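Structural description and commentary
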Amino acid sequence: MLPQATHSFPVRVFRSDGSGIPGQEVEAEILDGPGAVFQTSNAPAATLHTNANGIADFLVQNTSGRSGVNRIRFTANGAFYATASDGKPKGANPSIGHT
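Residues numbered from 1 in each chain as written. Predicted model: local features only at pLDDT ≥ 70, side-chain atom pairs only at ≥ 80, totals over all residues. Heavy atoms only, no water.

1. A few points about the sheet that holds strand β5 (residues 55–62)
Adjacent strands of a sheet pair through backbone hydrogen bonds, lying either parallel or antiparallel. Ordered by their spatial adjacency, three strands build an open sheet running β1-β5-β3, and the pairing between neighbours is antiparallel. Of all the strands in the sheet, the pair left with one neighbour each is β1 (6–12) and β3 (36–38). On average, adjacent strands in this sheet sit at an angle of 25° to one another, irrespective of strand direction. For β3 and β5, the ladder comprises three bridges, and the chain directions are antiparallel. In the strand pairing of β5, V37 is matched with Q61. (Pairing = 2+ DSSP bridges. Helix = DSSP H or I, 4+ residues; strand = E, 2+ residues; numbered from the N terminus. Axes fitted to C-alpha atoms, helices over the stretch in contact; angles between N-to-C directions.)

2. Overview of the environment of R66
Take R66: it is sitting in the loop between β5 and β6 (71–75). The exposure class assigned to R66 is partly exposed, which follows from its relative accessible area of 49%. Through-space distance from the C-alpha of R66 to that of P34 is 6.3 Å; in sequence the pair is 32 residues apart. The contacts of R66, once residues within four sequence positions are left out, are M1, P3, G33, P34 and G35. (Buried < 20%, exposed > 50% of the residue type's maximum accessible area, 1.4 Å probe, protein only. Contact = heavy atoms within 4.5 Å.)

3. Section: the pairing of strand β4 (residues 45–49)
Side chains A46 and L48 of β4 all project onto a buried face; the interleaved residues A45, T47 and H49 project onto a face where none is buried. Pairing between strand β2 (residues 25–32) and β4: five bridges, direction antiparallel. Residue pairing across strands places V26 opposite L48, the latter belonging to β4.

4. Some remarks on the nonpolar core
Counting residues in each nonpolar core, the largest one holds 18 residues, and the members touching the most others are F38, F58, V60, I72 and F74. Secondary structure elements with two or more residues in this core: β1, β2, β3, β4, β5 and β6. Setting aside chain neighbours within four positions, we find V60 in contact with M1, A5, T6, H7, F9, I30, A36, V37, F38 and I72. (Core = buried A, V, L, I, M, F, W, Y, C linked by side-chain atoms within 4.5 Å.)

5. As for the confidence of the model for the chain
Overall, the predicted model of the chain reaches an average pLDDT of 82, with 78% of residues at or above 70. Low confidence marks residues 91–99, where pLDDT is under 50. Its contacts with residues over four positions away, or in another chain, come to twelve contacts. (pLDDT = per-residue confidence, 0-100.)

6. Section: the packing of aromatic side chains
Applying the stated rule across the entire model yields three aromatic pairs. With centroids separated by 6.1 Å and ring planes inclined at 40°, the aromatic side chains of F9 and F74 adopt a geometry described as tilted. Here F74 lies in strand β6 and F9 lies in strand β1, a separation of 65 residues in the sequence. Both residues of the pair, F9 and F74, belong to the buried class. Measuring from centroid to centroid gives 5.5 Å for F58 and F74, while their planes differ by 50°, and the two rings are tilted. (Phe/Tyr/Trp six-rings, centres within 6.5 Å; stacked < 30°, edge-to-face > 60°.)

Okay, structure coming up:
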């Protein structure tokens, strides 16, 4: 992530039929990399609820002034599948990345 840049990480939680699950709590935590915070919490951890389409959109702000890569963990309780930006399911324990 570039210094002072903001990146969007939309996380979609959906049923096996593909329909989004609204109101689902999703937690996110920045695990490492240059200093960064979620804009909603101004901290390295945040919790959002999915919208009517099953999407929780986390905004991450690089606060360190250094370029680098952050690893972020997204968690939703239950049996869910996640999709990356290519739209392909990543399984029950996905590794979701953003460049």
